[in-house]
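Single-letter residue listing:
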Amino acid sequence: MDFDVGEEEFLVILGNSGSGKTTLLRCIAGLESPEEGYIEVGGEVWLDTKRGINLPPQKRGIGFVFQDYALFPNMTVLENILYGMKKRDRVYVIELLKRFGMEALWDKKPDKLSGGQKQRVALLRALVSNPKLLLLDEPLSALDPDLRLNLQKELKDFQKRACITAIMVSHDREEAIRTGDRVVIIQNGKIVEGGKPYKVLTSGQPLLIEKRKDKDRILIILKLDGGFLEVELPKEEL
Amino acid sequence: MKKIILLVFGLLNLGQAEVIRVFAAADLQYALREIVAFYNKLHPEDKLDLVFGSSGKGYAQIRAGAPFHLFFSANMEYVQNLYMEGLIVTEPKVYAVGRIVLWTRKDTNLDLSRFPEVLLDPKVRKIAIANWEHAPYGKAAKEVLENHGIFRKVRQKLVVGENVSQAASFVYAGTAELGIIALSLAKTPQMEKAGKYWLIPEEGHKKLIQGYGITKEGLKVKQVKRFYNFVGSPEARKIFLKYGFMLTDDKR
Amino acid sequence: MEGINYAPIWLTLKLSFWTTLILVVVGIPLAYYLAYTKSRLGLFIETLTTLPLVLPPTVLGFYLLLLLGKHGFIGSLWHRLFDRQLVFHFEGIVLASVIYSLPMMVHPLVSGFRSVSRNIIEVSWTLGKSKLETLIRVILPNAKASVLTGLVLSFAHTVGEFGVVLMVGGNIEGETRVISIAIYDAVEAIDYFTAHVYAILLLAFSFLSLALLYGVNRRWNL
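Residue indices begin from 1 for each chain and proceed along its sequence in written order. Working convention: letters from A go to chains and numbers from 1 go to ligands, in the order in which they are written. With pLDDT at 70 or above as the cut-off, local features in this predicted model cover only qualifying residues; side-chain atom pairs require 80 or more to be listed or tallied, and sums for whole chains, interfaces and linings still use all residues. With hydrogens and water stripped out, all remaining heavy atoms of the structure feed into the side-chain values.

(A) Local environment of the overall build of chain C. Numbering of helices and strands starts at the N terminus; helices are DSSP runs of H or I of at least 4 residues and strands are runs of E of at least 2. A count of helical and extended segments in chain C gives eleven helices and zero strands. In sequence order, chain C lays out its α and β elements as α-α-α-α-α-α-α-α-α-α-α. Residues are treated as being in contact if the distance between any of their heavy atoms lies within 4.5 Å. Pairs at least 24 residues apart make up 70% of the contacts formed inside chain C by residues separated by at least 6 positions. Each accessible area is a Shrake-Rupley result for a 1.4 Å probe, and residues are judged covered by the shown protein chains and nothing else. Just so you have it, chain C exposes about 10,700 Å², and 72% of that area is on carbon and sulfur atoms.

Structure below.
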């Protein structure tokens, strides 16, 4: 299995629980190590088991959003967002919070926030450090359905405005259509389909993924429990 | 904040003013304190620290490198052994001869003169005695019991103190009805007030000839010699006498 | 009798201060390793650090005496380095206390570290923070109740130590005569007044430190 993610693309990996989608995401983040694999992002090799390369998560320059938000309980909203910034810019963060109507919450601890608010803070925290890749692990599945719908839109807008490449893992087909520029479906650690979301999910016809030797490409090849997983994401032609 | 800083500085400070460290046989618990008090009137600048325990323990600790300057043993042999090993540097000197007594609290109404039968009295459930392996007074007490042929009979009743002072504290507190302890301890005001004693005849055990000496470590502190000499002075001897020690000029 | 001697109290505080300080420095990395390792070696080390909790102090004291003594491995090394003995000296009982109180520090820390959500640790890594910075800024603040428990228990346990100090340190004023040994001494000398003063001090101290611990923990858990 092999896929490319183009620059500023929003890729959704769709799969049931146990399909290996979370493991895939964690391998991309460097939180887990596959037996074999190769990951290249923007010309930089993150993982190459043949050459013994395995960058730790700290060196990969990613943003990771967990399903349970994983906000630091000991820090305020502001401190949470500032945590990963190389240049701590309080004014900028307060400005961002204003855009989400959350500036009044800046000095609150996470336990005082609603689920949606927590999710926004987690997202902001992941984005302010300007990651090369944003990884989202079922970021909306703990929210109630109405809020989810709003946040799906918000998330997509946000990703486009931040001009960032994102990979989201989800088990929800509708969510995949609404947010993804492209969707891959994995089962037992193997990609079974891939392509434009409406094509994948409406026709059911498998689409070939076009491989490109672009310097912006992201190539992911992993050997997981279910076999080889190879994902290469070329720059999407618009 | 200043206080905290001072406190921390205090905790960091490991240095100590030099004191004369004495390990003494437990029977000297009171006599030696009084001698030190007297000595400090003459030389208030000398600081002494007294540690009491069984002579055997003192012997073992000095051999293991404990930093004592002077060693007072209730058994001359320990001092002589250390002298031969080079850990005591002055020729062992006798300071006194000790005696053992039978002791009980006044409220037990035991007739101590019925020695040794009183030890077998059913009212006597526990008898305090020092450890005969390494406390000379315990060894002497055991010899007496053996010579009267009752050691085995009373064996079940014996509560063994680490040293003779601990044995005395057992019988003082009433946890044992009878105790075989040092005369010097029975002569202390507290023990005299609370109980009565009967002097056990000296023939029943090996003489408790007690000796002392300066350790190798003691050579490093010059005031040690001054106190060492004072212990042999008439003033100090008077105090030994007061606590029931017998004096001798026998150097052996 | 002479008046109350404050040296044993001071010495006890000094011993507990140093022991706790060393235990913080040693305990945090050790607890970090034990909390997150999956190796068998971790199991072995965790068992080893718990031993002082169940062993009689005399067993510990005996082996420490052999190890720290003139001919022991550590004792002779120390002697060569600093020209000073370990047994019967303050440094020796500090070392003994560190080993004796190790579980008091490591156990609360390990369970505290394990209770910190794995996700917030990983999120910190993905935000570019090293393991050390994550430990200091994320793990420790979120396990602060356990850190406090470790500190208070180590300190109080060292204050209340007796057997190991007696065996390794003997009874030397200003070096090894801590309060518990001074009490033992006073009882032997039938000086019940001094024994009472020290004993009540210890009792009050132990009660207050535990009350402080429970009080603060209760507030943090609300």
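Picking up after the structure, the text goes on.
(B) Focus on the sheet that holds strand β3 (residues 70-73) of chain B. Residues and elements named next belong to chain B. The five strands lie next to each other as β2-β1-β3-β10-β4, forming an open sheet whose pairing is mixed. Two strands lie at the open edges of the sheet, namely β2 (48-53) and β4 (93-98), each paired on one side alone. Neighbour to neighbour, the strand axes of the sheet diverge by 15° on average, direction disregarded. Angles here are taken between N-to-C directions and fall from 0 to 180 degrees, while the axes themselves are lines fitted to C-alpha atoms, restricted in helices to the stretch in contact. In the packing of helix α2 (residues 31-42) onto the sheet, contacts are made with β1 (20-25), β2 and β3, and the angle to β2 comes to roughly 175°. Strands pair, by our definition, only if DSSP identifies at least two bridges between them.

(C) Local environment of the interface of chain C and chain A. Listed as interface residues are 19 residues of chain C and, on the opposing side, 20 residues of chain A. Contact between chain C and chain A buries roughly 1,700 Å² in total, counting both sides, with carbon and sulfur atoms accounting for 59%. Put simply, a salt bridge is a Lys or Arg side-chain nitrogen that is within 4 Å of an Asp or Glu carboxyl oxygen. Joining chain C to chain A, the criterion identifies one salt bridge. Residue Arg26(A) pairs with Glu122(C) through a salt bridge whose shortest N-O separation is 2.7 Å. Whenever a nitrogen or oxygen atom comes within 3.5 Å of another N or O atom, the pair is scored as a polar contact, on the condition that within protein one atom can donate a hydrogen and the other can accept it, and that pairs from neighbouring residues in sequence are kept only if both atoms are in side chains. Here chain C and chain A share seven residue pairs in polar contact (both at pLDDT 80 or more) between them. Two parts placed together each lose some accessible area under a 1.4 Å probe, and adding up what both lose gives the buried area.

(D) Examining the pairing of strand β8 (residues 165-170) of chain A more closely. Residue and element names in this part refer to chain A. Burial within β8 is extensive, with six of its six residues counted as buried. Here strand β2 (residues 10-14) pairs with β8 via five bridges, running parallel. Each residue of the ladder has a partner; that of valine 12, found in β8, is methionine 168. Pairing of strand β7 (residues 133-137) with β8 involves five bridges; the strand directions are parallel. Looking across to β8, one finds that leucine 135 is bridged to isoleucine 167. Crossover handedness for the path β7 to helix α6 (residues 145-161) to β8: right-handed. Partly exposed residues are those whose accessible area sits between 20% and 50% of the maximum for their type, while under 20% is buried and over 50% is exposed, using a 1.4 Å probe and protein chains only. Assignment of crossover handedness uses the view with strands pointing away from the viewer, where a clockwise path from the first strand over the helix to the second indicates a right-handed crossover.

(E) Focus on the packing of helix α1 (residues 7-36) of chain C against helix α8 (residues 144-159) of chain C. Residues and elements named next belong to chain C. Orientation of α1 relative to α8, taken along the N-to-C sense of each, is 140°, at an axis distance of 9 Å. Between α1 and α8, the crossing angle belongs to the class labelled oblique. Along this stretch, α1 crosses α8, giving a crossing that reads as right-handed. Counted together, Thr12, Leu13, Leu15, Ser16, Phe17, Thr19, Thr20, Leu23 and Val24 of α1 and Leu151, Ser154, Phe155, Thr158 and Val159 of α8 form the full contact between these two elements. For this classification, under 35 degrees means roughly parallel, over 145 means roughly antiparallel, 65 to 115 means roughly perpendicular, and everything else is oblique. Handedness of a crossing is defined here by the sense of rotation of the near helix relative to the far one, left-handed for an anticlockwise turn of less than a right angle and right-handed for a clockwise turn.

(F) Seen up close, the pairing of strand β10 (residues 208-214) of chain B. The buried count for β10(B) comes to seven of seven residues, which makes it a mostly enclosed element. A two-sided burial pattern is seen for β10(B), the buried positions comprising Leu208(B), Gln210(B), Tyr212(B) and Ile214(B) on one face and Ile209(B), Gly211(B) and Gly213(B) on the other.

(G) Structural view of the sheet that holds strand β8 (residues 178-182) of chain B. Residue and element names in this part refer to chain B. Reading across from one edge, β7-β6-β8-β5-β9 is the order of the five strands in this open sheet, with mixed pairing throughout. Two strands lie at the open edges of the sheet, namely β7 (158-161) and β9 (195-199), each paired on one side alone. When the angles between neighbouring strand axes are averaged without regard to direction, this sheet yields 30°. Taken together, the two bridges between strand β6 (residues 127-130) and β8 define a ladder with parallel strand orientation. Note on β8: the bridge partner recorded for alanine 128 is glycine 179. Strands β5 (100-105), β6 and β8 of the sheet are contacted by helix α5 (residues 136-147), whose axis makes an angle of about 125° with β6.

(H) Expanded view of unusual backbone geometry. Put simply, Phe115(B) and Pro116(B) share a cis peptide bond, and its omega is 0°. Here Pro116(B) is to be found in the loop between β5 and β6. If you check the backbone angles, Asp83(C) has positive phi at about 55° while not being a glycine. Of note, Asp83(C) is situated in the loop between α4 (73-82) and α5 (90-115). Under the relative-accessibility criterion, Asp83(C) is labelled exposed at 61%.

(I) Quick peek at the environment of Ile209(B). Tracing the backbone through its elements, the reader meets Ile209(B) in strand β10. For the pair Ile209(B) and Ala96(B), spaced 113 residues apart in sequence, the C-alpha separation works out to 6.5 Å.

(J) Highlighting the interface of chain B and chain C. Counting from both sides, the interface comprises 32 residues of chain B and, opposite them, 26 residues of chain C. Summed over both sides, the interface of chain B with chain C buries roughly 2,500 Å², with 57% coming from carbon and sulfur. Where chain B meets chain C, there are one salt bridge. One salt bridge connects Arg177(C) with Asp49(B), and the closest N-O pair in it is separated by 3.2 Å. For the pair chain B and chain C, the number of links is ten residue pairs in polar contact (both at pLDDT 80 or more). When contributions to the side of chain B that touches chain C are tallied by element, the ones reaching two or more residues are α1 (2-12), β2, α3 (55-63), α7 (164-172) and α9 (189-194) of chain B. The element contributing the most residues to the side of chain B that touches chain C is α7(B), with five residues. Gly falls in the polar group here, along with every residue not listed as nonpolar (Ala, Val, Leu, Ile, Met, Phe, Trp, Tyr, Cys, Pro) or charged (Asp, Glu, Lys, Arg). Of the residues that constitute the side of chain B that touches chain C, the class distribution is 16 nonpolar, eleven polar and five charged.

(K) Region of interest: the side chain of Glu161(C). Residues and elements named next belong to chain C. Its place among the elements puts glutamate 161 in the loop between α8 and α9 (163-169). There is no salt bridge for the buried glutamate 161, and the closest opposite charge comes from lysine 14, which lies 15 Å off by N-O distance. Apart from residues no more than four positions distant in its own chain, glutamate 161 is found in contact with Ser97, Tyr100, Val178 and Ser180. Charge assignment in this entry is limited to Lys and Arg as positive and Asp and Glu as negative, and neither His nor the chain termini are counted.

(L) Seen up close, helix α5 (residues 115-127) of chain A. Taking 1.5 Å of rise per residue, 13 residues should cover 18 Å, and α5(A) covers 18 Å from first to last C-alpha, within 8% of that figure. Extensive coverage of α5(A) is indicated by the burial of ten of its 13 residues. Among the residues making up α5(A), those that are buried are Gly116(A), Gln119(A), Arg120(A), Val121(A), Ala122(A), Leu123(A), Leu124(A), Arg125(A), Ala126(A) and Leu127(A). The elements touched by buried residues of α5(A) are β6 (62-65), α3 (77-82), α4 (90-99), β7 and α6 of chain A together with α6 (118-126) of chain C. Take the number of residues in a helix, subtract one, and multiply by 1.5 Å to get its expected span.

(M) Here's a closer look at the pattern of salt bridges. Summed over all chains, the structure comprises 33 salt bridges over all chains. Glu177(B) is the partner of Arg125(B) in a salt bridge, and the nearest nitrogen-oxygen pair spans 3.7 Å. A residue pair is termed long-range when its members are at least 10 positions apart, and Arg125(B) in the loop between β5 and β6 and Glu177(B) in the loop between α7 and β8 qualify at 52 residues. With relative accessibility at 14%, the residue Glu177(B) sits in the buried group. In the salt-bridge network here, residues are joined through shared partners; they are Arg26(A), Glu32(A), Arg118(C) and Glu122(C).

(N) Spotlight on the environment of Phe71(B). Within the fold, Phe71(B) resides in strand β3. The exposure class of Phe71(B) is buried, given its relative accessible area of 0%.

(O) Summary view of helix α11 (residues 234-242) of chain B. All names here are of chain B. Along α11, the positions that sit buried rather than exposed are Ala236, Ile239 and Phe240. Each buried residue of α11 lies within a common arc of 105° when the element is viewed along its axis, so the set occupies one face. In α11, the exposed positions that point more than 90 degrees away from the buried face belong to Pro234 and Lys238. Where α11 terminates, the next one or two residues include glycine 244, which has phi positive at roughly 85°. For this quantity, the arc is that covered by the directions from the helix axis to the C-beta atoms.

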